[in-house]
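Observations on chain architecture
Take a look at the letters that make up each chain.
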Amino acid sequence: MALSKKALQHSVLVVLICALIHCEKQDSKPSKKIDPFLFKSATELTGAIRRGEITSLSLLNLYLEQIQRFNHDINAVVALDVDAARTRSAEADKALAQGQDWGPLHGLPMTVKDVFEVIGMPTTSGDPKLQSYIPNRNATAVQRLIDSGAIIFGKTNVPYHARDFQSYNEVYGTTNNPWELSRTPGGSSGGSAAALAAGFTPLELGSDLGGSVRFPAHYTGVFGHKTTFGIIPRYGHIPPMPGQVSLHQMPAIPLFVIGPMARSADDLELALEVLTTPCSTEENGKRPKLLPPRRERFSDYRVAVWFTDSSPTAEIDKEVLEILQNTVEKLIAAGLEIHKKARPEIHLWESIHLWRNIIDQMIAGEWLLYDSFIASQKEQQAMWAAFFERYDVLLAPVSPTAAFPHDHKEPLIYRRLVVNGKQRPYADNLAWTAMAIVSGLPATVAPVGLSKSGLPVGIQIIGARFEDRTTIAFARGLSEVVGGFVAPPGYAN
C-alpha cells in the first residue's frame, strides 16, 4: 500500500505518539482533580454535548488528561491520533452550533480495540509484523461509528491476534487491571475494558470469538455485549490478516462477532443501534431484523439460572458463585420468576467440543465450515430455540474466577487457574462462554458486585438468536436491582 508524503508524515506522528504513551513517566501525571464528566455514560454525554453543557473538544481533552494521568500504570491505550481527533471534535462543535446533527454519537470521543482498521492509525492486532501497518480504510463497524458522529481518538491493547484470555503482546506490552495492577483485565478486549473502567473512554468496540468481550467485562466491572452472529459486519477486523479475506468472503467466516462495551446497558443499546445501521461506504448494507425486548416490565421476565454443572471444567470459585447466588436472591425479592433447575438439552462439553473443532479448522486456514460442523450447529441452535420458548433469558457465569494474576507462560497448555484452591486448566475459562458462540446467541455481561477480595464479578445474560435487545434490556433492569458500574478506587477522585 503506497502512502502519500502527507499521509506518511501523519503516520509517523501517530507512531511517535504511541511510543510516548507506552514510555510516559510516572511523574508526568497531572494533579488536576478528575472531572465528573469522565465517568458519565455515552448516552448522558451525547445529550450533554447537544445541550451545550460540554463541548466535544473539551470532553476529548478530559480523556487525554486521564490517559496521561493513569495510562502509564494500566497500559490500556496504545495509540492516539490527537491532532486529527481535536480537528474533528472542533468540527463537531461548529456543526452543532450551526444546527447540524451528525447522528446519535455526535461529537463523542471514543477508542476502539486494536484489531479494527482505522484510517491513519496503526492496526497491529498485537503482531510485530503489523507494527507499521497504517490502514487506508476503516473497518465497516468503525465507519458506522464515525457516520453516527463518533470521533475515534485511540486504540486499545489486545493479545497477539486476539488469542488469549489476557491482553499482552510484543508490540505494546501488558495491560493491567485498574482494580489490581498485578491482575489481567482479560482478553482479548482487555485494553477496551480497562480503558472503560479507568475513565479513558466512554464507549468501546470489541470482538468475541470465545468470550473476548465477556471475560474483560466480567474482570473489570463494565458492561459488554456479544451480539447475535452475523448482525454486525466484520470486514476490517484483524485477524484475518489484511487482504487475506475479501469483503464478500468475510460473512462466511464462522464464530466470531463484533460487539460494544460500555459502562451502562443504555450505552450498549445505543451502540447496538449504531452498529447495526449500514454506513455510507456500504453498497448493499441491510439492517438485521432484531426483535424487541420480550417484556415491558422487568418483573415479568422468566429467568433460567445455570450456575453449577457436573462437569469438572465448569466449577466456579466460591467467591464468584456467592455473588452470583446473591444476585438471584435479589431478583427473587424483586418478584421475578426464577427457575434454578432449568437446562437446555445440551451439555456444556458438547458446545466446547464443537467450538474446538471449528477453531482447529480455522487455524488450519479453512474458513468454510465442514458440513458436519454446520449440522451440529443447527442441532444446538434448535435446542436453544426450544429452550427459549419456555424462558426469556438464561443467567450463567462468565469465568470460573474473578480477575487472575498475570501469567504469560507459553504454551497456554501449561497455564493454570486456581479455582477453590485447586489447580485447573487455563482452558476451563471456556466452559461457560462457548455455548453462546457456537449457537450464535446474544449474551450480555453486566456487573453484579465485588468479591470478598474486592474484585468485580459479572453475570452472563444469554438470550435467543436476534433477541439482543432482550438481553440488554434485562441487564438494564438488573442494574436497577443490584447496581451498575462502579469506578475502581482512585480513578474517579
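To start, this report covers the structure provided alongside it. (Residues numbered from 1 in each chain as written. Predicted model: local features only at pLDDT ≥ 70, side-chain atom pairs only at ≥ 80, totals over all residues. Heavy atoms only, no water.)

Moving on: the pattern of salt bridges. Two side chains that carry opposite charge are able to pair once their charged atoms sit near each other. Within the structure shown, the criterion is met by 24 salt bridges. A salt bridge links Asp114 to Lys155; the nearest nitrogen and oxygen atoms lie 3.0 Å apart. Taken as a pair, Asp114 in the loop between β2 (109–113) and α5 (140–147) and Lys155 in strand β3 (residues 151–156) lie far apart in primary sequence, 41 residues in all. Judged by relative accessible area, Lys155 falls into the buried class, the value being 0%. Where salt bridges share partners, they join Arg294, Arg295, Arg302, Asp392 and Glu467 into one cluster. (Salt bridge = Lys/Arg side-chain N within 4 Å of Asp/Glu carboxyl O. Helix = DSSP H or I, 4+ residues; strand = E, 2+ residues; numbered from the N terminus. Buried < 20%, exposed > 50% of the residue type's maximum accessible area, 1.4 Å probe, protein only.)

Take helix α10 (residues 348–363) next. The end-to-end C-alpha distance of α10 is 23 Å, a good match for the 22 Å that 16 residues give at a rise of 1.5 Å each. Looking only at α10, the buried set comprises Leu348, Ser351, Ile352, Leu354, Trp355, Ile358, Ile359, Gln361 and Met362. Buried residues belonging to α10 abut α11 (371–390) and α12 (434–438). Two residues or fewer after α10 comes Gly365, characterised by a positive phi angle close to 90°. (Expected span 1.5 Å × (residues − 1). Contact = heavy atoms within 4.5 Å.)

Moving on, we get to the nonpolar core. Counting residues in hydrophobic clusters, the biggest one holds 150 residues, and the most contacted among them are Leu145, Phe474 and Leu478. With sequence-adjacent residues up to four places away left out, Leu145 is seen in contact with Leu105, Met110, Val112, Ala150, Ile152, Leu205, Val274 and Leu275. (Core = buried A, V, L, I, M, F, W, Y, C linked by side-chain atoms within 4.5 Å.)

Mapped onto the elements, Pro128 comes out in the loop between β2 and α5. A residue is classified by how much of its surface remains accessible, and Pro128, at 35% relative accessible area, is partly exposed. The spacing of Pro128 and Leu59 is 69 residues in sequence and 33 Å in space, taken between C-alpha atoms.

Next up on the list: the pairing of strand β15 (residues 456–462). For β15, the tally of buried residues reaches seven of seven residues, placing the bulk of the element in the interior. Burial of β15 is two-sided: the residues Pro456, Gly458, Gln460 and Ile462 facing one way and the residues Val457, Ile459 and Ile461 facing the other way are all buried. Here strand β11 (residues 393–396) runs beside β15; their pairing, made up of three bridges, is antiparallel. Paired with Leu394 across the strands is Ile462, a residue of β15. Relative to β15, strand β14 (residues 443–450) runs antiparallel, the two being bridged by seven bridges. Looking at the pairing, Ala446 lines up with Ile459 of β15. Where β14 hands over to β15, the hairpin turn is made up of five residues, of which Gly454 adopts a positive phi near 80°. (Pairing = 2+ DSSP bridges.)

Moving on: the packing of helix α8 (residues 265–275) against helix α13 (residues 468–482). Two elements in contact, α8 and α13, have axes separated by 8 Å at closest approach and are oriented at 160°. By the angle between their directions, the pair α8 and α13 is classed as roughly antiparallel. Of the two elements, α8 crosses α13, and the hand of that crossing is left-handed. For the pair α8 and α13, contact is made by Ala265, Asp266, Leu268, Glu269, Leu272 and Glu273 and by Asp468, Arg469, Ile472, Ala475 and Arg476, respectively. When its residues are assigned to classes, the contact of α8 with α13 shows five nonpolar, no polar and six charged. (Axes fitted to C-alpha atoms, helices over the stretch in contact; angles between N-to-C directions. Parallel < 35°, antiparallel > 145°, perpendicular 65-115°, else oblique. Left-handed = near helix turned anticlockwise from the far one by under 90°. Nonpolar A, V, L, I, M, F, W, Y, C, P; charged D, E, K, R; others polar.)

Turning to the pairing of strand β8 (residues 257–262), a few remarks are in order. The element β8 is extensively covered by neighbouring structure, given that six of its six residues are classed as buried. Residue alternation in β8 divides its side chains into two sets, Val257, Gly259 and Met261 and Ile258, Pro260 and Ala262, and both sets are buried. As paired strands, strand β6 (residues 203–208) and β8 are joined by six bridges and run antiparallel to one another. Within β8, the residue paired with Asp208 across the bridge is Val257. Across two bridges, strand β7 (residues 223–226) lies against β8 in antiparallel orientation. Residue pairing in the sheet places Phe223 in a bridge with Ala262 of β8.

Note that the residue after Ile238, namely Pro239, is joined by a cis bond; omega there is 0°. Mapping Pro239 onto the fold places it in the loop between β7 and β8. Cis geometry marks the peptide bond from Glu410 to Pro411, where omega comes out at -5°. Position of Pro411 among the secondary structure elements: in the loop between β11 and β12 (416–419). The phi dihedral of Leu255 falls on the positive side, at around 75°, and the residue is not glycine. Topologically, Leu255 is positioned in the loop between β7 and β8. Despite not being glycine, Phe466 shows a phi value in the positive range, around 70°. With respect to the helices, strands and loops of the structure, Phe466 is situated in the loop between β15 and α13.

Read from one edge of the open sheet, eight strands run β6-β8-β7-β14-β15-β11-β9-β10, paired in mixed fashion. Strands at the two margins of the open sheet, each flanked by one partner only, are β6 and β10 (337–339). Across this sheet, the average inter-strand angle for adjacent strands is 25°, counted without regard to direction. The sheet contacts of helix α9 (residues 318–333) involve β9 (302–305), β10, β11, β14 and β15, and relative to β15 the element is tilted by about 60°.

Here the focus is the packing of aromatic side chains. Counting across every chain of the model gives 17 aromatic pairs. The interplanar angle of 55° and the centroid separation of 6.1 Å between the aromatic rings of Phe298 and Tyr301 together place this pair among those described as tilted. What makes Tyr301 buried here is its relative accessible area of 2%. Judged by centre distance (5.3 Å) and plane angle (85°), the rings of Tyr301 and Phe474 are edge-to-face. Of this pair, Tyr301 sits in the loop between α8 and β9 while Phe474 sits in helix α13, placing them 173 residues apart in sequence. Grouped by ring-pair contacts, the aromatic residues Phe165, Phe215, Tyr219, Phe404 and Tyr426 constitute a single cluster. The ring of Tyr426 has Arg415 sitting right over it, with the charged end atom 5.0 Å from the ring centre. (Phe/Tyr/Trp six-rings, centres within 6.5 Å; stacked < 30°, edge-to-face > 60°. Lys NZ or Arg CZ within 6 Å of the ring centre and 35° of its normal.)

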